[in-house]
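Spelled out, the chains give:
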Amino acid sequence: MIKNNKTANTLVNLLSASVLLGMVVNLYLIFQFAPEERTMGHVQRIFYFHVPSAWVSFLAFFVVFVYSIAYLWKREQKYDIVAVSAAEIGVIFATLVLVTGPVWARPVWNTWWEWTPRLTLFLVLWFIYVAYLMLRKFVEGDERVARFSAVFGIVGFIDVPIVYMSIRLWRDIHPSPVIAGGEGSGLHPDMRITLFFSLFVFTVLFFWLLIQRIRLEKISVTVNEIKKQMAY
Amino acid sequence: MTPNVERCAAVSTHRLSKTFGAQYALRNVDLEVQAGEFVAIFGPNGAGKTTLIRILSTLTKATSGEVVIEGHPLNKDSGKIRCKIGVIGHQTFLYENLTAEENLKFYARLYRVKKANDRITQLLRDVGLETRRKDQVRTFSRGMQQRLSIARSLLHDPSLLLLDEPYTGLDQHASKMLTSWLTRLRERRQTTLMVTHDLERGVDLADRIAILVRGKVVFNDLRANVDRSAFRQVYYDLVEKHNRQR
Amino acid sequence: MIHSIFTIAAKDFVSELRGKEMVLSMLVFSLMVAVVFNFALPPGSDAIEEAAPGILWMIFIFASVLGMNRTFVYEVDKGCLQGLMLAPVDRVVIYISKLLVNFSFIFLVELMVLPLFSIFFKLDFATGIWPLLFVLFINTLGLAIVGTLFSAISVNTKTREVMLPILQFPVTVPIIMSAVEATSAVLQGQEWSVIWGWSKIGIVFDVVFFVVAFHTFEFVIEE
């Protein structure tokens, strides 16, 4: 399963370098280039981590969805490996959303938590994909693990729009305090540039993490196979 | 294998393989069961015997190879095949809360058995359980449950019977009954494939004997060609030889 | 196919009638929780009336998880699930019959708990009984649709009964919201459009996940 493909290795190394470079540039943009926000001050800069984390999370869970379907269709372990790798990364970034959210909220709204649509959604999402990871932990048999989590991966992702719809309706009925100068309200062009660059870098970071995690999983699978053969 | 033989065979597998990840449970198994034949398959634990039965009974899909049962290819006509096979395993497939009669009625309806009541009465009589017809299965001993399970598997008059270690957990008395039952079925020329640990009983009942070790068929011959007294040693030797190989 | 569905469902109904395991445990559990909640909240306060729909559905959700675990454990124990899979019935038939059984028993328990709940918490459901039954129906169906699929998964895990709520609760958030808000609207005598607004989400949930479960169930129970 592990091929020492020279071109693949070179490309990945290139990717690693670009991720590193990109993050450094991103940090500069976020802390130096982007202007200070009028009402919230420097705290607002968390926004450039918070939103891209949310985006990466969604992207990761979408990957889980697609590769879950692929696994049930083709039954090849490689699809399952991608799915679990993406799920783990998704959970990490969802955690980031749930951490940066309160860190931002505290100085701005004087409260650690608000049931905003995004935060509520990510709380539910976090639980769905943690459930995915727990399911994998408590099922025996590689093939079963892959099959069950593929089904749950599909159900979980399809649930996302429905969860979002219900949260929106809930918020309409129980509105949260209106936040002045919220994130949507008119971004300065420099802010927009920073945001888009951050989104871009985070996406590249996602793919880099995904590749590393997939490699790790492949090694783990190979080791387990060797162990099994030795025991036999 | 000439085409003529294939048409007569009740079960025929060609290079049947089943893998779990990188592990081979079955490796290129070529096996044939002729109509009316009683085939016994022996093998140590982990040989792939249960996997073989599960594939033949449509519970699991093979990874590669062809299987034809009663003229139907396994990967296409599993619905039709299920109508024609009966399975007896070490689990009884019986509902403890329900009576013997209710259990049989249930399966009769699932299998669309015609004139179910008559058939049920007949089978209960055959397995000696007609007096316990209205009793809940939870009150039955293991031997009685196994007998009811036999009745259950024969409800729809299957042309092929698959047995997976049917002697497991049976005491002497129940084992004797099972053997006499299987002997009766054999006399009726019921096509049967039985996997078992029990060398003596298997050899007595079989028309053909096969040995499975590590997923491979290492022995396959007519019972008539086998020296009964020497067979146990032959079995151990083969198992040892193939266990040592990788 | 309908014939097989009813055969399997009928078998489960008969069995449950004999053992009464599922309905009794769900019922007793629900009543106990209702009493505990009553002690947990200060008596006669407005808080109770506001919290009542939430408490009611908390009870139903926990009880339903308790009950749904039973239907598959019962099949797996004597290998009966394999017996069903060996029979010439489509895999999906097993799902639909289990869904029917789960839904019926949960709904039955809900109908029994509701009057007792209204007595304990001094609530008047009488005026909105039909909308309430509608809300009960739609949302219980949602719980059963997802729960039947997930209990087929969880019965095969090392932690068995504990796995089902872990899978079920986050995924059924839309149902929880829809159920509680719609019930609350009924209690407050709000107009139908509000109740319908929430029920739409429940209906979408039911339809979407029925289709998903319909297509994925065979992957769960195959060997």
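Source: prediction; values computed, not measured. (Residues numbered from 1 in each chain as written. Chains lettered and ligands numbered in written order. Predicted model: local features only at pLDDT ≥ 70, side-chain atom pairs only at ≥ 80, totals over all residues.)

## Considerations on the interface of chain B and chain C
No. 1: Chain B puts 22 residues into the contact, and the matching count from chain C is 18 residues.
No. 2: At the level of secondary structure, the elements contributing two or more residues to the side of chain B that touches chain C comprise α3 (78-84) and α4 (100-110) of chain B.
No. 3: For the side of chain B that touches chain C, the leading source of residues is α4(B), giving 4 residues. (Contact = placed C-beta atoms within 7 Å. Helix = DSSP H or I, 4+ residues; strand = E, 2+ residues; numbered from the N terminus.)

## Digging into the sheet that holds strand β4 (residues 64-69) of chain B
All names here are of chain B.
No. 1: Spatially, the 4 strands line up as an open sheet ordered β2-β1-β4-β5, and their pairing is antiparallel. Among the strands making up the open sheet, the edge pair consists of β2 (23-34) and β5 (72-73).
No. 2: Taken together, the 2 bridges between β4 and β5 define a ladder with antiparallel strand orientation. Within β5, the position partnered with V68 by the bridge is P73. (Pairing = 2+ DSSP bridges.)

## Details of helix α2 (residues 49-56) of chain B
Helical geometry note: an α-helix holds 3.6 residues per turn, so side chains three or four residues apart project in the same direction.
No. 1: Here α2(B) lies mainly inside the structure; 7 of its 8 residues are buried.
No. 2: Phi turns positive one or two residues past the end of α2(B), at B:T58, with a value near 70 degrees. (Buried ≥ 20, exposed ≤ 12 C-beta atoms within 10 Å, placed from the backbone.)

## Some points on the packing of helix α3 (residues 46-76) of chain C against helix α7 (residues 163-171) of chain C
Residue and element names in this part refer to chain C.
No. 1: At a minimum axis separation of 10 Å, α3 and α7 run at an interaxial angle of 125 degrees. One element, α3, and the other, α7, form an angle in the oblique class. Judged by the sense of rotation from one axis to the other, the crossing of α3 with α7 is right-handed. Contact residues: α3 offers V65, M68 and N69, while α7 offers L164, P165 and Q168.
No. 2: Considering only residue class, the contact of α3 with α7 consists of 4 nonpolar, 2 polar and no charged. (Axes fitted to C-alpha atoms, helices over the stretch in contact; angles between N-to-C directions. Parallel < 35°, antiparallel > 145°, perpendicular 65-115°, else oblique. Left-handed = near helix turned anticlockwise from the far one by under 90°. Nonpolar A, V, L, I, M, F, W, Y, C, P; charged D, E, K, R; others polar.)

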